[in-house]
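Results of the structural survey
In case you want the letters, here they are:
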Amino acid sequence: MTSDTELEIKPEETQEERVITKKDLFRSSLNLGSLGMEFSWTYYKQMNLAFCLMVAKMLRKIYRNDEEGYRAALERHLAFFNITVQFAPFVGGVAISMEERIAKGEIEPERVNDVKAALMGPLSGIGDSIFLAVIRVIAAAVGIALCEAGNPFGPIAFLLIYNIPGFWLRIWGVQKGYELGVGFLDQAANGGFMAKAMTAVSIVGIMVVGP
Amino acid sequence: MILQAILVGLVGALGCFDYQLGTLYMFRPIVMCPLVGLVLGDLQTGLAVGASLELLFMGSISIGAYVPPNETIGGVLSCAFAISLHQGTEAAIALAMPIAVLSLALGNLTAPIWPFFVDKADTCAKNGNLKGIYAVHLGIGLYGCLEYFVLCGGAFLLGVEAVQGILDWIPEFVLNGFGVAANILPAMGFAMLGRLVITKKLVPFYFLGFVICAYMGVPVLGVAIIAIIIGIEKFDLLGGAVDAPSTSLALEGDDDDDF
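Residues numbered from 1 in each chain as written. Chains lettered and ligands numbered in written order. Predicted model: local features only at pLDDT ≥ 70, side-chain atom pairs only at ≥ 80, totals over all residues. Heavy atoms only, no water.

1. Describing the side chain of glutamine 20 of chain B
What counts, and what does not: Helix and strand definitions here come from DSSP, where helices need a minimum of 4 consecutive H or I residues and strands a minimum of 2 consecutive E residues; each element is numbered from the N-terminal end. Buried means the residue's accessible area, taken with a 1.4 Å probe over protein chains only, is under 20% of the maximum for its type, while exposed means over 50%, and partly exposed covers the values in between. A contact between two residues is defined here by any heavy atoms of the two lying within 4.5 Å.
Along the chain, glutamine 20 of chain B turns up in the loop between helix H1 (2-17) and helix H2 (29-40). Among the residues examined, glutamine 20 of chain B registers a relative accessible area of 8% and is labelled buried. Residues within four places of glutamine 20 of chain B in sequence aside, it is in contact with Leu32, Leu35, Gly36 and Phe39 of chain A together with His137 and Leu138 of chain B.

The following block contains the structure:
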């Protein structure tokens, strides 16, 4: 593998220097792909196009010397994807931190889509119940009350209440996802902690989709 | 009249473009109707209709893969008709749901062609053509905006009689069928979500969540909190029982030593 031999030439890059900066991550959480998760939604692969566009720039950076790897990574992230939109940058952060290790040959490329698929269900269950069942209803209740009183601030209040938590989650989520992906995911995987945490998250997801 | 139709169409298109702006929920009647009121010069009616329709469509949200009746087109058109005919909120409510269900059906007409374009994106990725993927993304989305523009503007131009005529002309069983389909779709949305998440180990928790909600009347957030507590407790995520591995699950017992 070409990326492996490069690593041996520049070993300092393996430990400390990371290609992806906080700024890259921040930008990805508010780019055309991240915000347009449902713009190109299809029954077929749902949010796959938008997810790929969200991480594309960072993939370019990771595989800047490896055109083949870049193309394969683009194709990899065009797999089926669906999630509560506000959680998408979090998954993007996890995926990017895994891609960095895939580029070094430390993880099998297929693993990244396994992890994405494992995160989709539980995070959608939690996300839909927080955003759609709770925050949206509160926002609508406030907005409707203002509208009924003939106050034009009603729709604005609705949008602000619904979206401020969502944008916060996007911006915070992408950093957190990246950190978790780099530090926590791999160390925890050895101890089986990850499997347990994922099952615990799955329990939350499965219990809230029932109602 | 034509200018008004274009403006109403643009409000509808903005509702669709909201999906590119981060799904701000601008496409809900509570935002769409006041905007329609603004462009038709009657903000107060817009606000009142928006409030009523938002309540009507409260449960109509996209969960999992379920696609609800189109509250955007339903909201925009019924509000536009209510204002232009100087009718009240009731007229808007009566029109909104049939228009919304019909719009969902019309939107689904184009659904079968999208897989072809989505697969085109795969080919673009193989060739490293990122612009091609952007083109597919924007193409699918902007087509949606155009569809909303034409449906909202066109139907407004045709007038309320024509739209009512179309709704009357459609045999009742078809509209009823749409209604039944709209009620079945949530189950399908759940089934698709379930295919991703459910494993044998998790099935009991699915029914536990169902029981807590159905028999004890706990709202979804309450169920979520209970589920988080169960998750923490079952897998000892807070690490309280590190010194007593014998109490841990037999299943995962070998892993516990690492902590």
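Picking up where we left off.
2. Here we look at the nonpolar core
Put simply, the test is: We call a set of buried Ala, Val, Leu, Ile, Met, Phe, Trp, Tyr and Cys residues a nonpolar core when their side-chain atoms join them within 4.5 Å.
Counting 107 residues, the largest nonpolar core has Met37 and Phe81 of chain A together with Ile133 of chain B as its most contacted members. Here this core takes twelve residues from helix H8 (residues 110-148) of chain A, the largest share from any one element. When neighbours within four sequence positions are excluded, isoleucine 133 of chain B is seen to be in contact with Leu49, Cys52, Leu53, Leu74 and Leu78 of chain A together with Ala121, Cys124 and Ala125 of chain B. Counting residues in each nonpolar core, the second largest holds eleven residues, with Val204 of chain A together with Leu202, Val218 and Val223 of chain B among its members.

3. What about the interface of chain B and chain A?
To be explicit about the condition: Buried area, as used here, totals the accessible surface that two parts lose on assembly, with accessibility defined by a 1.4 Å probe and the loss added over both. Salt bridges are identified by distance alone: a Lys or Arg side-chain nitrogen within 4 Å of an Asp or Glu carboxyl oxygen. Definition of a polar contact: a pair of N or O atoms within 3.5 Å, with one able to donate and the other able to accept a hydrogen when the atoms are protein atoms, and with sequence-neighbouring residues admitted only if both atoms are side-chain atoms. Under the grouping applied here, Gly and all other residues not named as nonpolar or charged are polar, the nonpolar ones being Ala, Val, Leu, Ile, Met, Phe, Trp, Tyr, Cys and Pro and the charged ones Asp, Glu, Lys and Arg.
Between chain B and chain A, the residue contacts involve 81 residues of the former and 70 residues of the latter. Interface of chain B and chain A: buried area, both sides summed, is about 6600 Å²; carbon and sulfur atoms make up 76% of it. Here lysine 45 of chain A and aspartate 119 of chain B are joined by a salt bridge, their closest N and O atoms 4.0 Å apart. Connecting chain B to chain A are eleven residue pairs in polar contact (both at pLDDT 80 or more). With eleven residues, the single largest contributor to the side of chain B that touches chain A is helix H11 (residues 220-235) of chain B. For the side of chain B that touches chain A, the class distribution of residues is 57 nonpolar, 13 polar and eleven charged.

4. Thoughts on the pattern of salt bridges
Scanning all chains against the criterion turns up eleven salt bridges over all chains. With its nearest N and O atoms 3.3 Å apart, the salt bridge here joins lysine 126 of chain B to glutamate 75 of chain A. You can see lysine 126 of chain B sitting in helix H6 (residues 114-126) and its partner glutamate 75 of chain A sitting in helix H6 (residues 67-76), one on each of two chains. Assessed through its relative accessible area of 49%, lysine 126 of chain B is described here as partly exposed. The shortest N-O distance in the salt bridge between glutamate 54 of chain B and arginine 28 of chain B comes to 3.1 Å. Separated by 26 residues along the polypeptide, glutamate 54 of chain B in helix H3 (residues 43-56) and arginine 28 of chain B in the loop between H1 and H2 bring together distant segments of the chain. Exposure remark for arginine 28 of chain B: the relative accessible area of 0% places this residue in the buried category. Three or more residues joined by partner-sharing salt bridges are found here, namely Lys45 of chain A together with Asp119 and Asp122 of chain B.

5. Comments concerning the packing of aromatic side chains
All names here are of chain A. Counted only if it meets this: Planes of paired rings set the category: under 30 degrees apart is stacked, over 60 is edge-to-face and the rest tilted, where pairs are Phe, Tyr or Trp rings (Trp by its six-membered ring) whose centres lie within 6.5 Å.
Taken as a whole and judged by the stated rule, the model has 13 aromatic pairs over all chains. With a centroid separation of 6.3 Å and an interplanar angle of 80 degrees, the aromatic rings of phenylalanine 131 and tyrosine 162 are classed as edge-to-face. With phenylalanine 131 in helix H8 and tyrosine 162 in helix H9 (residues 153-191), the pair connects residues that are 31 residues apart, well separated along the chain. Overall, the relative accessible area of 4% leaves phenylalanine 131 in the buried class. Take tyrosine 162: its relative accessible area is 1%, and that puts it in the buried class.

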